[in-house]
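# Architecture at a glance
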Amino acid sequence: MNPSRRDFLKISTVGGVAATVFGFDLKAAYAQTQALKISRTTETRSTCPYCSVSCGVIIHTLGDKAKNAKPQVVHVEGDPDHPINRGTLCPKGASLENDILNDRRLTKPQVRRPGSDHWEDISWDQALDEVAHRIKKTRDDTFVLKDQNGVTVNRCEGIGWIGGCTDTNELNYLAIKTMRAGLGVPYFETQARV
């Protein structure tokens, strides 16, 4: 017997209808497959990075935590104990596992030099040095000591800061102290206000 694709679809449809009519409930089987998928994983609670709602997520990783072993993310779900989302996730949050496991995800700094047609990998130390030098140059070039009325304002109008939704209160405290008091940046926003 050599069934065609059409025959296979007919048999599958008839079988599914028969299973439903005769009362076969597959919910227990689906629950069991989910339990098997995450039975030996380590749970890590985190925050979804997509918007300022800050929904809680649980990231399940598989690995024995040995020194040279790299854990593998196998499942991401909403955190039922989180007071904001209580286990639910929007479509973007539900796709978080795909972003974590994306083979095109950048894992090191890159720079595209002026006039170049490609990105080059650089070290984290080199990236921090270049950012620091550019911030210093921009501050020196755009610092305003006094406004047009002669009032001392001490501000840097060439730099702006926007914070993300997953920033902690501690990071936001340090950011505002650094940007406002340290550099004199008046343009400071967070994603929650945008």
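This text gives an overview of the structure that appears in the document. Owing to the predicted nature of the structure, the values given are computational and were not obtained by experimental measurement.

Next up on the list: the packing of aromatic side chains. Considering all chains together, one arrives at 1 aromatic pair under this definition. Judged by centre distance (6.2 Å) and plane angle (10°), the ring pair of tryptophan 161 and phenylalanine 188 falls under stacked. Of this pair, tryptophan 161 sits in strand β8 (residues 160-163) while phenylalanine 188 sits in strand β9 (residues 187-190), and the two are 27 residues apart along the sequence. Residue phenylalanine 188 is classed as buried on the basis of its relative accessible area, which comes to 11%.

So, about the sheet that holds strand β2 (residues 56-62). Here we have 3 strands laid out as an open sheet, ordered β1-β2-β3, and antiparallel in their pairing. On the outer flanks of this sheet lie β1 (42-47) and β3 (72-78), each paired with one strand and no other. The average angle at which neighbouring strand axes cross in this sheet is 30°, direction not considered. With 6 bridges joining them, β2 and β3 adopt antiparallel strand pairing. Bridge pairing links leucine 62 to glutamine 72 in β3.

Calculation rules
- Residues numbered from 1 in each chain as written.
- Predicted model: local features only at pLDDT ≥ 70, side-chain atom pairs only at ≥ 80, totals over all residues.
- Heavy atoms only, no water.
- Phe/Tyr/Trp six-rings, centres within 6.5 Å; stacked < 30°, edge-to-face > 60°.
- Helix = DSSP H or I, 4+ residues; strand = E, 2+ residues; numbered from the N terminus.
- Buried < 20%, exposed > 50% of the residue type's maximum accessible area, 1.4 Å probe, protein only.
- Pairing = 2+ DSSP bridges.
- Axes fitted to C-alpha atoms, helices over the stretch in contact; angles between N-to-C directions.

The quantities given are spatial measurements derived from coordinates; they are silent on function.
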